[in-house]
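Here are the chains, one letter per residue:
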Amino acid sequence: MAKFTALAAILVALLFIAHTTAYRTIVTTTDRQSHSCREQLQQQQYLNECERFLRQKCQSQSGRRDTTSEEQQLEQCCDQLRDMSRRCRCDGLSELVSEQLGHLQGEERREILQIARNLPNECNLRPGRCDSEIRSN
């Protein structure tokens, strides 16, 4: 019985060590991915070209329209998104919308959110839409 108890104690200790190691690996990997996305966002100047494009779209919705400039802004935004990893694009756009365009209200806000969600598709990038990352709250 003493051998069984000792064996059970060793088994429990090994399971605990394995669980702790797996948890640390998951947390470390997640932290690295998050840090990597922040670095990419910073390198892409917090998607300032996408912000300009979205602001310009917002103005064009209210009547002022310059399609040549709008196309140039979209292309510059696409360049910034292209230079980010696939898994960071939507997170970057989400941060842009919430921090830089969070003051918008009503219909204007809904339209900008819709345009931002669809930006990767406009740029022929994957994922094509950022529905789950960019929320309207």
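Along each chain, the written sequence defines residue order, and numbers are assigned to residues from 1. Where local features are concerned, this predicted model is filtered to residues with pLDDT of at least 70; where side-chain atom pairs are given and counted, the filter is 80 or more; whole-chain, interface and lining totals use all residues. Based on all heavy atoms of the structure, the side-chain values leave hydrogens and waters out of the count.

Trainee: Sorry if this is basic, but what is going on with the side chain of glutamine 73 here?
Mentor: Here a helix means four or more residues in a row that DSSP labels H or I, a strand means two or more in a row labelled E, and each is numbered from the N terminus. Structurally, glutamine 73 can be placed in helix H3 (residues 67-82). Among the residues examined, glutamine 73 registers a relative accessible area of 13% and is labelled buried. What glutamine 73 contacts, discounting residues up to four positions off in sequence, is Glu49, Arg52, Phe53 and Gln56. Residue exposure (1.4 Å probe, protein chains only): buried if accessible area is under 20% of the type maximum, exposed if over 50%, otherwise partly exposed. In this description, contact between two residues means that some pair of their heavy atoms is separated by no more than 4.5 Å.

Trainee: What is the right way to look at the pattern of salt bridges in this model?
Mentor: A side chain of one charge can pair with a side chain of the opposite charge if their charged atoms are brought near each other. By definition here, a salt bridge exists when the distance from a side-chain nitrogen of Lys or Arg to a carboxyl oxygen of Asp or Glu is within 4 Å. For the structure on display, the rule yields 7 salt bridges. The salt bridge partner of glutamate 70 is lysine 57, with a shortest N-O separation of 3.4 Å. Remark: lysine 57 occurs in helix H2 (residues 48-61) and glutamate 70 occurs in helix H3; sequence separation between them is 13 residues. Considered together, glutamate 70 and lysine 57 belong to a single accessibility category, that of buried residues. In this structure, the salt-bridge partner of arginine 82 is glutamate 75, at a minimum N-O distance of 3.8 Å. Its relative accessible area of 38% is what places arginine 82 among the partly exposed residues. Overall, the relative accessible area of 41% leaves glutamate 75 in the partly exposed class.

Trainee: Explain the state of the cysteines to me, please; I cannot follow it from the model alone.
Mentor: Among covalent bonds in proteins, the disulfide is the one between the sulfur atoms of two cysteines. Note on disulfides: each one is a pair of cysteine sulfur atoms within 2.5 Å. Tallied over the full model, the rule gives 4 disulfides. Here cysteine 37 is linked by a disulfide to cysteine 88, with a sulfur-sulfur distance of 1.9 Å. Judged by the torsion about the S-S bond (-75°), the cysteine 37/cysteine 88 disulfide is left-handed. In this pair, cysteine 37 sits in helix H1 (residues 2-43) while cysteine 88 sits in helix H4 (residues 86-100), placing the two residues 51 residues apart along the sequence.

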